[in-house]
Amino acid sequence: MRTPSTSNLLPLTALAIAGVAARAQSQPVAHLAARILPADRAPITGGVLVAHRGKIVAIGPRDTTHVPQEATTVDHGSHWLCPGFVDLHHHVGGGGGDINDMTQPLNAELRTFDLVKPSADLIRRTAAGGVTTTLFIPGSGTFLSGFGTLLKMRGGGSLAAMIIKELGAMKVAQGFNPERYSGDLGQTRMGSSALLIEQLDRGRDYARAWRDYEAGNGPRPKLDPALEQLRLVFDKKVPVLIHTAGVRDCLATSRMFQQRYDVRMILSHGSFDGWLAAEPLARRRTPINLGPRMYQMGRYGQMHGMCKEFWDAGCRDLSINTDAPVIAAEELQLQAAMAVRLGLPYDAALKAITIVPARQIGLDDRIGSLTVGKDADFLVTRGDPLDPRVPPLKVYIEGELIHSHGDVR
Amino acid sequence: MRTSTLFVLSLALLSAIDLPGQGRGRRGRRSQPQPPAAKAPAAPAQEPAKKEPKHYTAIVGGDVYIGTGQRLTGATVLIADDKIERVGHNVELPQGTKVLDAKGRCVSPGFVIVKGSGMGAGFSGPYKDTVNPFDPSIKQGLAAGITSFLAGSTTSRGRIGGNNAVIKLHYGDVEGMVLVENSVVGLSMPLDRASKEKLEKQIEQCREYLAALADYPAKKAKDPKAKEPKQPRGAEKVLAVLQGKAKLWISTGGAGFSPFARMMGVSGGGSDLAAIRDALDVARMFGRGVVLDGPTSAWLVPDEIAATGSGVILSPRTRVPRDPKDPDRTGSNLASAAILAKAGVPVAVTCPAGMFGGSGVGTNGILGQDLNTPHVDAAYAVRGGLDNRKALRTITLDAAVAMGVGDRIGSLEPGKDADVLILTGDPLHYSTFVTTAVVNGKVVYEKGKEALFRHIER
């Protein structure tokens, strides 16, 4: 089972998802490269990465790293290795479209798992851009639009080969899209907050009742299928990713999800003048997932790089997204490059599309850096992997070559 | 002013650049009598007619990208008034030369953008009357490295049309903002049969007219009563293309996807090959190369395009999905620019036609998708396999050639307009900034003096 915790809890999700160990390599492979950017520590010059059965079993400088005798060698010459990129705000795992069910304002029972289409062209394109893991989330058409799926961008095959977690995160949208102008409640932030709080309170109480029951402190609650998924958020098994923007809404998001509910959360977008909230958010260590907007024109004509402003204010838990298809899924690297252009330190930008999003979504034990024990998800490039001129020549997921430059036009 | 205009005209006459016409608008041609060709001097420094001493500016010590594909390390660009005077090593600086230090910097021609809007341009001609030299977005354009762009329309259904101008980002001065009007005319595919027949007829009439015009002086000498041939009515634009005074851009429809459909990955269709071939038919009708505007499938037929002497405008980042029924011959290709350049087709790069892209220096926050970073679009041509220095041509010289002004702008060659950038590094590197922009010999942007990027260290 690749998704132990979440799917076990779901009575409706008794889908047996086969592991992909069968396709993993039986022999270790040593990848030699002139430079390795592990993302969580200093670059390695003249390095080797050994992949076996989908995992990294050794990594380091060639002269001090033990390579198993039976290993076959792939020499990447003067090229570089870096971790596969991670995009936590991605909408095209279903091939595009179909991500907003907008009849009701709150949809905690929905999930994008039902949309994933392994054959979609856009999945291959995403991988071509070096993005190996995505959180495929529903749109921002409603206040609570459902649960996103965590996927490996291994298209063209089975669904099982792609799924990391059926329920990767819950998607909430607070303003700048979900407003309901059709006459029902929720036209303003007042209405949206009231609706969300009503639903989230129910979820919190439901989760608490189950926890109490399981601890032997209460009666067995009545099963409510509509709240089963929401329960995972309050059991802190699944984070909430909140579409929010502007200084007022960014602070409201932190207030609601960090203070009122204290759940695992990721503040996504943070656009417009959201960076004005950077200092209080830095104090609360709010996980921030920035993009697709990268700058705001200030009142006095300065082009403020949003990432730089958050970074300078002390927000270190900072990742970058594409909001694909808003920015093309394969251009996550460009988003990071543009953040560097506007003043984000290079290391922070590389981390913002690798180890930081992995940690924010709770997968840093598996992906996000080139570290022993993690999945062998990595790219081979001619140089700086953030440079738009430098395409990934090869993309590996769990040690398996899934893309070579030119495969996708 | 007048002497310099005369000089420009005469220089153009002398120049060996392959573009015969400069696409001066009708207006300009009427009011300007032809200058006597004999008056043209070889080097600007020796022009005797000039009384005012020249103002010299030199950009010294930078790594100079000429724009033709060449690079000179630690060279000098000497500017006399509004023109490039010399580029090279050991350039002697005349007394009183204003020196701009570019040591450790790169120097490049100003970027030339084939499709733009805003940045001081009006919405329709006559552009001279509608430009705003104090539009703040001009500074934003200059910060992006843009010194010239084509504003206005270049598409026209059924007949050759369009209304546009090459605008220079000559901040603060109306004079020098409009390089030329209608140096580009446009035609959109598909062309229905009636329209095509009409166009063929017009071309024939114009050819007859041009032949009669060429014979006219001899006729007149024999018979003083001989009447001057009459220009065919309503065929000015056709005539301009035939005479090489305007570049014909043919929009192929880009495989018929709306930007929204393209963004959402709609499949099916995915080919505009038929439109490309129709456009090349039109090129053959004129006997001249055209410019294919935004073709998706050009990468499939680079040699057919090269054979007509045509060029291409594209965005390497505009993605068109393949048709599952014919996947190998449909859809876009990241390598398009490289494939076309290899076949000898000049390529001008524009920003992506995505849902959130735009032809202006946007302020809506999505960097890398609009005209705020034209060098990034050229960088994507490199991603697709184009050589780094050749890729700079896609936003300099080859873009200028596509706009019919390759003899005026787009490279740092003597006699051309002094539109020069000093950059913090490789022009196509994502974190390179413009530190100084010079247009028509005048410093119009300095990073350290403008609010836009002053706060970003580089």
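Residues numbered from 1 in each chain as written. Chains lettered and ligands numbered in written order. Predicted model: local features only at pLDDT ≥ 70, side-chain atom pairs only at ≥ 80, totals over all residues.

## Quick notes on the overall build of chain A
- Helix and strand counts for chain A come out as ten helices and 18 strands.
- At 21 Å, chain A has a C-alpha radius of gyration in line with the 22 Å of a compact globule built from 409 residues.
- Counting only C-alpha atoms and orienting by the principal axes, one finds that chain A spans roughly 65 × 55 × 40 Å.
- Counting over 409 residues, chain A shows a buried share of 59%. (Helix = DSSP H or I, 4+ residues; strand = E, 2+ residues; numbered from the N terminus. Rg over C-alpha atoms; globule rule 2.2 N^0.38 Å. Buried ≥ 20, exposed ≤ 12 C-beta atoms within 10 Å, placed from the backbone.)

## A look at the overall build of chain B
- Counting its secondary structure elements, chain B contains 13 helices and 17 strands.
- When each of the 458 residues of chain B is scored for burial, the buried share is 53%.
- Considering only residue pairs separated by 6 or more positions, chain B has 68% of its internal contacts joining residues 24 or more positions apart. (Contact = placed C-beta atoms within 7 Å.)

## Considering the sheet that holds strand β12 (residues 288–290) of chain A
Residues and elements named next belong to chain A.
- Pairing is mixed across the open sheet formed by eight strands, whose spatial order is β6-β7-β8-β9-β10-β11-β12-β15. The two strands at the open ends of the sheet, each matched to only one other strand, are β6 (85–90) and β15 (318–320). Strand after strand, the sheet turns through a mean of 30 degrees between neighbouring axes, direction not considered.
- With four bridges connecting them, β6 and strand β7 (residues 131–136) associate as parallel partners. (Pairing = 2+ DSSP bridges. Axes fitted to C-alpha atoms, helices over the stretch in contact; angles between N-to-C directions.)

## Here's the deal with the interface of chain A and chain B
- The interface of chain A with chain B comprises 33 residues on the first partner and 32 residues on the second.
- Looking at the side of chain A that touches chain B, its residues break down into 19 nonpolar, eight polar and six charged. (Nonpolar A, V, L, I, M, F, W, Y, C, P; charged D, E, K, R; others polar.)

## Observations regarding the sheet that holds strand β6 (residues 111–113) of chain B
All names here are of chain B.
- The strand order β6-β7-β8-β9 describes an open sheet built from four strands, whose pairing is mixed. In the strand order of this sheet, the two ends are held by β6 and β9 (178–181), each with one partner. Pairwise comparison of adjacent strand axes, ignoring direction, gives a mean angle of 15 degrees for this sheet.
- With six bridges connecting them, strand β7 (residues 146–153) and strand β8 (residues 163–168) associate as antiparallel partners.

## Section: helix α3 (residues 189–214) of chain A
Residues and elements named next belong to chain A.
- The end-to-end C-alpha distance of α3, which contains 26 residues, comes to 37 Å, matching closely the 38 Å that a straight helix rising 1.5 Å per residue would cover.
- By the burial criterion, the buried members of α3 are S192, L195, L196, Q199, L200, G203, R204, Y206, A207 and W210.
- Where α3 is buried, its residues contact β8 (144–152), β9 (163–173) and α4 (225–234).
- Of the residues one or two after α3, G216 is the one with positive phi, at around 80 degrees. (Expected span 1.5 Å × (residues − 1).)

## Points about the pairing of β7 of chain B
Residues and elements named next belong to chain B.
- With seven of its eight residues buried, β7 lies for the most part within the structure.
- As judged from the three bridges shared by β6 and β7, these two strands associate in the parallel manner. When the bridges of β7 are listed, F111 appears paired with I146.
- Crossover handedness for the path β6 to helix α3 (residues 136–143) to β7: right-handed. (Right-handed = clockwise from strand over helix to strand, strands pointing away.)

## A closer look at helix α10 (residues 374–383) of chain B
Residues and elements named next belong to chain B.
- Within α10, ten of the ten residues are buried, leaving the element largely enclosed by the surrounding structure.
- Among the residues of α10, those classed as buried are P374, H375, V376, D377, A378, A379, Y380, A381, V382 and R383.
- Buried-residue contacts for α10 involve β6, β7, α9 (336–342), β14 (347–349) and α11 (388–393).
- Trailing α10 by a residue or two, G385 shows a phi angle of about 115 degrees, which is positive.

## Some remarks on the packing of α3 of chain A against α4 of chain A
Residue and element names in this part refer to chain A.
- Here α3 crosses α4 at 80 degrees, and the two axes come no closer than 8 Å. By the angle between their directions, the pair α3 and α4 is classed as roughly perpendicular. Facing α3, whose interface residues are R202, G203, R204, Y206, A207 and W210, α4 presents L227, L230, R231, V233 and F234.
- When the residues that make up the contact of α3 with α4 are grouped by side-chain class, the tally is seven nonpolar, one polar and three charged. (Parallel < 35°, antiparallel > 145°, perpendicular 65-115°, else oblique.)

## Thoughts on the nonpolar core
- With 247 residues, the main nonpolar core has C307, A336 and A339 of chain A together with V77, I167 and L248 of chain B as its most contacted residues.
- Beyond its immediate stretch of four places on either side in the chain, A339 of chain A contacts M294, G305, C307, I320, L344, A349 and A352 of chain A. (Core = buried A, V, L, I, M, F, W, Y, C linked by C-beta atoms within 7 Å.)

## A look at the pairing of β6 of chain A
- β6 of chain A sits mainly inside the fold: six of its six residues count as buried.
- A crossover links β6 of chain A with its parallel partner β7 of chain A, the connecting element being helix α2 (residues 121–128) of chain A, and its sense is right-handed.

## Things to note about unusual backbone geometry
- Note the cis peptide between G291 of chain A and P292 of chain A, where omega equals -5 degrees.
- Structurally, P292 of chain A can be placed in the loop between β12 and β13 (295–297).
- With an omega of 0 degrees, the peptide bond running from M189 of chain B to P190 of chain B counts as cis.
- Note that P190 of chain B resides in the loop between β10 (184–188) and α4 (193–222).
- Here D98 of chain A, not a glycine, exhibits a phi torsion of approximately 60 degrees, which is positive.
- One can find D98 of chain A in the loop between β6 and α2.

## Notes on the confidence of the model for chain B
- This prediction gives chain B a mean pLDDT of 87; 84% of its residues lie at or above 70.
- Here the complex is predicted with pTM 0.90, and the ipTM for its interfaces comes to 0.92. (pLDDT = per-residue confidence, 0-100.)

## A look at the confidence of the model for chain A
- Across chain A, pLDDT averages 93, with 94% of residues at or above 70.
- Low pLDDT, under 50, characterises residues 1–23 of chain A; the stretch is placed with 28 contacts to residues that sit more than four places away or in other chains.

## Quick word on the environment of V67 of chain A
Residue and element names in this part refer to chain A.
- Relative to the elements of secondary structure, V67 occurs in the loop between β3 (55–61) and β4 (72–75).
- Linking V67 and I288, residues 221 residues apart in sequence, is a C-alpha distance of 38 Å.
- Dropping the residues within four chain positions of it, V67 is found in contact with A30, V48, V50 and A58.

## Focus: the environment of I266 of chain A
All names here are of chain A.
- Structurally, the position occupied by I266 is in strand β11 (residues 265–271).
- You can call I266 buried: it has 24 C-beta atoms within 10 Å.
- Sequence separation between I266 and V240 is 26 residues; the distance between their C-alpha atoms is 6.2 Å.
- Residue contacts for I266: discarding those within four places in its chain leaves L88, P239, L241, P287, N289 and Q360.

## Quick look at the environment of G448 of chain B
- Considering the arrangement of structural elements, one finds G448 of chain B in the loop between β17 (442–446) and α13 (451–454).
- Residues G448 of chain B and T435 of chain B, spaced 13 residues apart in sequence, show a C-alpha to C-alpha distance of 7.3 Å.

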